[in-house]
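Read off the chains here:
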Amino acid sequence: MAYYIDGSLTALKADAATVDQLPTDMFVVTKAGAIDGNVPKQALAVARAHGMQTFATVSNYGATDFSPSLVHAFLHSPAAIKAFIANAQKLLSGSGYTGINIDFEAIPAGDRAAYTDFCTALYKAMHTSGYLVALSIPAMQRDDPSDDWAGAYHLSALGPVTDIVQFMTYDQHGPWGAPGPVSGLNWVTASIDYAIGVVPASKVSLGLPAYAYDWNLTAGSGYSVDWKAIPGLLVRTGATPQWDAKSSSPYFHYTAANGAKHVVWYESARSITAKSKLVLSRHLAGVSVWVLGSDNADYWKAIHAAGF
């Protein structure tokens, strides 16, 4: 599985022989249950030509980030949920998608039951109409209903009402906090082992990042860097790659032209292969990559080096 966004078409064509499932992150839900966005017709044509399953990804992304207030209002409106299910069926049937991917993030922990009820109703309706359901769920290592990020996702209750748990085993660290691995093997392994303890392993898709994070330690800020841009950044900065044995993650330090101190935690072929091996050892459904266009051929070679 590899995610498609605006600008991913060239990468999709290059990776078409490798990708089996294509979620297109092009749609957002409204408080009233409408689905806003545009169908990527060229992407779906490529996908169909290569026999891919396709998923319309619908999120609660707002003006600048995932919106807790939007999803809260939606989940507590029976009329909005009814409208959404009808709109989703219309979208899928009219565009030729094989399923829907719900990517609701930053759901208030107090909406845990409401989110489970929504997913249950959606799954029943989608299956009745012959469509698949994939739920994007934050990585977690235990069930904590009070957790402000993952508390709304009652994983053991959601497992029976989805075909795929797209487990987001990335963003372990990011510019919102202290520097560290984006997707450390120890953290990923613990998260996956928890997940398959409550959900059939055959439903769990291992999330893999095709990006890094660059922390500006001087300014206290940071930003993402595509996988394919890392070799060039290493050359330009003259940095020396380091290896964190605890997390099986590479990183490096450099000083920018303005004197700012930076640290970059990223993925290498070695780290991607190590995580991908969990698919075989834990009998998972596969991998789900964020995002097409950030990758290159070497990224997929690293995944396949795991043995599948």
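For clarity, every value in this text was computed on a predicted model and none was experimentally measured.

The next point concerns the overall build of the protein. Counting secondary structure elements, the protein contains 10 helices and 13 strands. Computed over the C-alpha atoms, the radius of gyration of the protein is 19 Å, within 12% of the 19 Å expected from 2.2 N^0.38 for a compact globule of 308 residues. By principal-axis analysis of the C-alpha atoms, the protein measures approximately 55 × 45 × 40 Å. Within the protein, buried positions represent 54% of all 308 residues. Within the protein, contacts between residues separated by at least 24 positions form 72% of all contacts whose residues are at least 6 apart in sequence. For the protein, the exposed surface amounts to about 12700 Å²; the carbon and sulfur share of it is 55%.

Count 3.6 residues to each turn of an α-helix, and residues three or four apart come out pointing the same way. For helix α8 (residues 230-237), the full list of buried residues reads I230, L233 and L234. Along α8, the residues classed as buried sweep out an arc of 100° about the axis, all on the same side. In this structure, α8 carries V235 and R236 as exposed residues pointing more than 90 degrees from its buried face. Each element contacted by the buried residues of α8 is listed here: β8 (211-216), β9 (221-226), β11 (249-255) and β12 (261-265). Just beyond α8, the residue with positive phi is G238, at close to 70°.

For the rest of this paragraph, the subject is the layout of surface pockets. If you roll a probe as big as a water molecule over the atoms, it shows you where there is empty space left. Approximately 1200 Å³ is the volume attributed to the largest pocket. Along the wall of the largest pocket there are 43 residues; nearest its centre are F66, E105, W149, Y170 and D171. Of all the secondary structure elements, the ones that give two or more residues to the lining of the largest pocket are β1 (21-29), β5 (132-138), β6 (164-168), α7 (185-198), β8 and β9. Residue contributions to the lining of the largest pocket peak at 4 residues, all from β1. Residue composition of the lining of the largest pocket, by class: 22 nonpolar, 11 polar and 10 charged. Each pocket or cavity is described by its volume, and for the second largest pocket that value is around 240 Å³. Contributing to the lining of the second largest pocket are 14 residues, with M1, D20, G286, V287 and F308 lying nearest its centre.

With 6 of 6 residues buried, β8 lies mostly within the body of the structure. Neither face of β8 is open: one carries Y211, Y213 and W215, the other A212, D214 and N216, and all of them are buried. The antiparallel hairpin formed by β8 and β9 contains 4 residues in its connecting segment, where G220 sits at a positive phi of about 70°. Here β8 runs beside β12; their pairing, made up of 4 bridges, is antiparallel. What sits directly across from W215, in β12, is V263.

For S136, the location among the structural elements is in strand β5. Accessibility expressed as a relative area gives 1% for S136, which makes it buried. There is a polar contact of 2.7 Å between the side chain of S136 and the side chain of Q166. Residues contacting S136, with those up to four places away along its chain left out, are Y3, N101, I102, D103, F104, Y153, Q166 and M168.

Right, let's get into the packing of helix α9 (residues 269-281) against helix α10 (residues 297-304). Running from N to C, α9 and α10 point in directions that differ by 40°, and their axes come no closer than 7 Å. Relative to α10, the element α9 lies oblique. For α9 against α10, the interelement crossing comes out right-handed. Contacts between α9 and α10 involve A269, I272, T273 and S276 from the first element and Y299, A302 and I303 from the second. Of the residues that constitute the contact of α9 with α10, the class distribution is 5 nonpolar, 2 polar and no charged.

Further remarks concern the packing of helix α4 (residues 78-95) against helix α5 (residues 112-128). At a minimum axis separation of 11 Å, α4 and α5 run at an interaxial angle of 35°. Along this stretch, α4 crosses α5, giving a crossing that reads as right-handed. Contacts from I81, F84, I85, A88, Q89 and L92 of α4 reach α5 at F118, A121, L122, A125 and M126. Along the lines of polarity and charge, the residues of the contact of α4 with α5 split into 10 nonpolar, 1 polar and no charged.

On to the nonpolar core. F84, I100, Y115, F118 and F167 are the most contacted members of the largest nonpolar core, which has 81 residues in total. Here this core takes 8 residues from α5, the largest share from any one element. If sequence neighbours within four positions are ignored, I100 has contacts with F55, A56, V58, F84, A88, L92, L122, M126, L132, V133 and A134. In terms of nonpolar packing, the next biggest core, distinct from the first, is built from 10 residues, I230, L233, A239 and V264 among them.

This part is about the sheet that holds β8. Across a sheet, paired strands are connected by hydrogen bonds in the backbone, their directions being either parallel or antiparallel. Reading across from one edge, β9-β8-β12-β11-β10 is the order of the 5 strands in this open sheet, with antiparallel pairing throughout. This sheet does not close on itself; its edge strands, each paired only once, are β9 and β10 (242-244). Mean inter-strand twist for the sheet, computed between neighbouring axes without regard to direction, equals 25°. Taken together, the 3 bridges between β10 and β11 define a ladder with antiparallel strand orientation. If you follow Q242 over to β11, its bridge partner there is Y251. Here α8 sits on the sheet in contact with β8, β9, β11 and β12, set at roughly 35° to β11.

What counts as what
- Residues numbered from 1 in each chain as written.
- Predicted model: local features only at pLDDT ≥ 70, side-chain atom pairs only at ≥ 80, totals over all residues.
- Heavy atoms only, no water.
- Helix = DSSP H or I, 4+ residues; strand = E, 2+ residues; numbered from the N terminus.
- Rg over C-alpha atoms; globule rule 2.2 N^0.38 Å.
- Buried < 20%, exposed > 50% of the residue type's maximum accessible area, 1.4 Å probe, protein only.
- Contact = heavy atoms within 4.5 Å.
- Areas by Shrake-Rupley, 256 points an atom, 1.4 Å probe, with all protein chains shown as cover.
- Arc of directions from axis to C-beta.
- 1 Å grid on protein atoms, 1.4 Å probe; cavity = no way out; pocket = protein on both sides within 12 Å on 5 of 7 lines; lining within 4 Å.
- Points joined across faces, edges and corners; volume = space filled by probe spheres on them.
- Nonpolar A, V, L, I, M, F, W, Y, C, P; charged D, E, K, R; others polar.
- Pairing = 2+ DSSP bridges.
- Polar contact = N/O pair within 3.5 Å; in protein donor to acceptor, adjacent residues only side chain to side chain.
- Axes fitted to C-alpha atoms, helices over the stretch in contact; angles between N-to-C directions.
- Parallel < 35°, antiparallel > 145°, perpendicular 65-115°, else oblique.
- Left-handed = near helix turned anticlockwise from the far one by under 90°.
- Core = buried A, V, L, I, M, F, W, Y, C linked by side-chain atoms within 4.5 Å.

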